[in-house]
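# Fold and contact review
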There are 2 protein chains.
Amino acid sequence: MALVVQKYGGSSVADINKLENVARRVVKSKEAGNDIIVVLSAMAGETDRLIQLAHKVADEPDGREYDALISTGEQLTVTLLSIILNRMGFRAKSLLGYQVKIVTDRSYTKARIFHIDTKKICKELKKGTIVVVAGFQGVDKDGNITTLGRGGSDTSAVALAAALKADVCDIYTDVDGIYTADPNICRKARRLSRISYDEMLEMARAGAKVLQPRSVELAKKYEVPVYVRSSFTNEGGTLVTKEDVEMEREVVCGVTYDRDQAKITVVRVADRPGIAARLFTPLAHHNIMVDMIIQNASLEGYTDLTFTVSRKELKKAHELVQEVAKEIGADRVAIDADVSKISIIGVGMISHSGVAAKMFSALAGEGVNILMISTSEIKISCVIQEKYTELAVTALHDAFGLDKR
Amino acid sequence: MALVVQKYGGSSVADINKLENVARRVVKSKEAGNDIIVVLSAMAGETDRLIQLAHKVADEPDGREYDALISTGEQLTVTLLSIILNRMGFRAKSLLGYQVKIVTDRSYTKARIFHIDTKKICKELKKGTIVVVAGFQGVDKDGNITTLGRGGSDTSAVALAAALKADVCDIYTDVDGIYTADPNICRKARRLSRISYDEMLEMARAGAKVLQPRSVELAKKYEVPVYVRSSFTNEGGTLVTKEDVEMEREVVCGVTYDRDQAKITVVRVADRPGIAARLFTPLAHHNIMVDMIIQNASLEGYTDLTFTVSRKELKKAHELVQEVAKEIGADRVAIDADVSKISIIGVGMISHSGVAAKMFSALAGEGVNILMISTSEIKISCVIQEKYTELAVTALHDAFGLDKR
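The rules we used
- Residues numbered from 1 in each chain as written.
- Chains lettered and ligands numbered in written order.
- Predicted model: local features only at pLDDT ≥ 70, side-chain atom pairs only at ≥ 80, totals over all residues.
- Pairing = 2+ DSSP bridges.
- Helix = DSSP H or I, 4+ residues; strand = E, 2+ residues; numbered from the N terminus.
- Axes fitted to C-alpha atoms, helices over the stretch in contact; angles between N-to-C directions.
- Contact = placed C-beta atoms within 7 Å.
- Core = buried A, V, L, I, M, F, W, Y, C linked by C-beta atoms within 7 Å.
- Buried ≥ 20, exposed ≤ 12 C-beta atoms within 10 Å, placed from the backbone.
- Domains from an automatic or database assignment.
- Nonpolar A, V, L, I, M, F, W, Y, C, P; charged D, E, K, R; others polar.
- Least-squares fit on C-alpha atoms with pLDDT ≥ 70 in both.
- Left-handed = near helix turned anticlockwise from the far one by under 90°.

Turning next to the sheet that holds strand S17 (residues 302-309) of chain B. Residue and element names in this part refer to chain B. Pairing is antiparallel in the open sheet, where six strands are placed in the order S16-S17-S15-S18-S20-S19. Only two strands of the sheet have a single partner each, and these edge strands are strand S16 (290-295) and strand S19 (370-376). Along the sheet, successive strands turn relative to each other by an average axial angle of 30 degrees, direction set aside. Here helix H10 (residues 275-285) sits on the sheet and contacts strand S15 (254-270), S16 and S17; the angle it forms with S15, its principal contact strand, is near 125 degrees. Contacting S15, S17 and strand S18 (332-345), helix H11 (residues 314-327) runs over the sheet at an angle of about 125 degrees to S18.

This is how it looks when you write it as structure tokens:
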């Protein structure tokens, strides 16, 4: 008997038949003697529909109202699943963010969880109830509804698993695990049976869509074993876990790409202290995440500063940067929305030299020009022209022999 | 400057254009210097869609989950309207049942309001906020979402107006007031400029769909002036108010019909004490509302007992009654779903004789057979075969000269 958190994504709850399928999986695990907390996303496409609705009535919808609007999708799936489970003769109860209490800060659309009150859930589990929690949503201390950002249901699930000290957090999705590359664009991609938190984190940050990066951070922090698997088969799965001795330290474990990138260059800006701070402070105030930042070597006291933001935030970021650029006397601000980021990830990188060189030559071999480079201990990312994305992924997958174990 | 509650029904918020229209009306009243609480229904058809969804997955959906599901429609409209109002430069905030706190009992699908906490609303009004409250929903003392039954948003609005001691409660709908009969089936129907709470109550109970009966009870109890008007024009309107000297005591002020009727007859049951209690107790336990009850004069110690229920509840009621009928040795149970109820209403009835006789002859004149009769001080209702509904309404409207002032 174990305490299990099961999270089902949008494609797993996309319609009533799929919800019935989820119910059967939940019941099977319940009948095996487990205590179960189910976390659900909204039906695939529903959150997007709600977002569009909000943007139809306002360019910049009020954050508080926006979150209360887009969180309704999960209310639908959790209540429907609970109705199905009750019909099947099981005690089941849906809990929304404010009912659990999943307390967050008040950063609407990207709130962070402060605290999860486990009392209500534990009380229900003791009664044998299957607890069905609405993912993606929380509540601030004043009772305002907040949401946790794209893929936030992963974070809900891992946070609940951590708070409840669950034995495992199963993330059910439409793929059967984590792959060495996106199988949709790389034919030879191979499923990994295990991956370390750090690698998973870098992959998620670098564009792998399977898990929200924050959920992996949380899983790492609280050492929650996360098992990524398909809700449509019983095969496969990838365990995201601590790096341990059994784990082969692969030099490179995966290639990822992220098309949600846009490049901003502040051209010919005086190279003196405080300039970067002046550029990035307004972006931070507007909650715009800056990804890569590159500053060229100074030439005659001037430099170019290039950085990337999410494509959705390019317009706003451009406006903000243009204002500052004027104040600090920069030549001009150039933007490019047709770029993508390609990354290779692997804990073994630290102890192997020549990984970066191999990456650059593989790209050069295909005629792909590198626009920006950034490295971490276990990751190398390159910004390239978007049209080369598939080509670059396949070339790197081959170069590092990822199709072979 | 006044404190105004404005309630907009499903047809007034049916799409984004209509929500923009509502926003303009709200703003107009706000700019006139009023403090405004807006109460919204779900978009027309949305609650029905959610109800169907629930019934697709279970014949008898769990009540708690059902209410949490069907209350999402209002969450959509209140957040969208608040986004629009904010975009227009006004402070606006949506509040759900649990956020206000509209505390109800736990009778899911037909909860009754115990208490409304006005603190949060008053605080927001003081800041100049337009407060947009989700109609139809409340919360029990343990934080479970409840709903107030069909048309419950009317009750939300009147209850808020009562709790806040509002100057007026405007009920915006797709008709421009209360008519002497349904204009869709009675060409000569005339709009009333005023109607008393008691008459409105009987009309609502007797099938007039404009206001939920409970909202009228509340309005009467707390003397809330309710103004029924169209959200599409500025003309017309009917004030529902205390009966006062100015008010012409019309003998009959309106004719209503209700097709949501089904008749159950327990045939040849022993006429002894306790039989009725045994028949109706199980119905009450299943929250089935019994409308008219008629017991024939006893013949040789036996009697027939006939009553009506909502058509939706006929199946369940029939099952329950059949069980009891067997136990108490009744001959059999007959049902008829093809009936409707026709009523005439008027406070003047009390002081005028011959009203009933006139009603019966008008029906007889058209060859309409009367299956059941029930009377109150200000109402006479007849159950007839459903196919005669339109005919009966028109005949009674003519007989009582309702087209003339």
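From this point on, the discussion continues.
Counting 246 residues, the largest nonpolar core has A:Leu81, A:Val133, A:Leu160, B:Leu81, B:Val133 and B:Leu160 as the members making the most contacts within it. No fewer than three residues from each of domain 1 (3-174) and domain 2 (255-399) of chain A sit in this core. Those residues in contact with B:Leu160 that sit more than four places away from it in its chain are B:Val5, B:Ile37, B:Val39, B:Ile116 and B:Val133.

Residues and elements named next belong to chain B. If you walk across this open sheet you meet the eight strands as S3-S6-S2-S1-S9-S13-S14-S12, and the pairing is mixed. Each of the sheet's edge strands pairs with one partner strand only, and the pair in question is strand S3 (92-95) and strand S12 (194-196). Direction aside, neighbouring strands of the sheet carry axes that sit 20 degrees apart on average. In the sheet, strand S13 (residues 226-230) pairs with strand S14 (residues 238-241) via three bridges, with the strands oriented antiparallel. Across the sheet, Val226 pairs through a bridge with Val240, a residue of S14.

Next up on the list: the interface of chain A and chain B. With 26 residues of chain A at the interface, the matching set in chain B holds 26 residues. Sorting the residues of the side of chain A that touches chain B by element identifies helix H2 (46-57), helix H3 (63-70), helix H4 (72-87) and helix H5 (97-100) of chain A as the ones contributing at least two each. Counted by class, the side of chain A that touches chain B contains 14 nonpolar, eight polar and four charged residues.

Segmenting chain A into domains produces domain 1 (3-174) and domain 2 (255-399). The gap between the C-alpha centroids of domain 1 of chain A and domain 2 of chain A is 35 Å.

A few words now on the pairing of strand S14 (residues 290-295) of chain A. Residue and element names in this part refer to chain A. Pairing of S14 with strand S15 (residues 302-309), which is carried by four bridges, proceeds in the antiparallel orientation. Looking at the pairing, Val290 lines up with Val309 of S15. The turn joining S14 and S15, which pair antiparallel and follow one another in sequence, is formed by six residues; a positive phi near 50 degrees is taken by Glu300.

Turning to the pairing of S14(B), a few remarks are in order. Looking at chain direction, S12(B) and S14(B) are connected through three bridges and run parallel. Residue pairing in the sheet places B:Arg194 in a bridge with B:Leu239 of S14(B).

All right, on to the relation of the copies chain A and chain B then. With an RMSD of 0.1 Å, chain A superimposes on chain B once it is rotated by 180 degrees and translated 0.0 Å along the axis. The transformation relating the two chain copies, once decomposed into turn and shift, fits a two-fold axis. Judged by C-alpha distance, A:Thr72 is the residue of chain A that lies nearest the rotation axis, at 3.1 Å.

Our focus in this paragraph is the packing of H10(B) against H11(B). All names here are of chain B. H11 packs onto H10 with a crossing angle of 145 degrees between their chain directions and a minimal axis gap of 9 Å. For H10 against H11, the interelement crossing comes out right-handed. Every residue of H11 that contacts H10 at Arg278, Leu279, Pro282 and Leu283 is listed here: Ala317, Leu320, Val321 and Val324.

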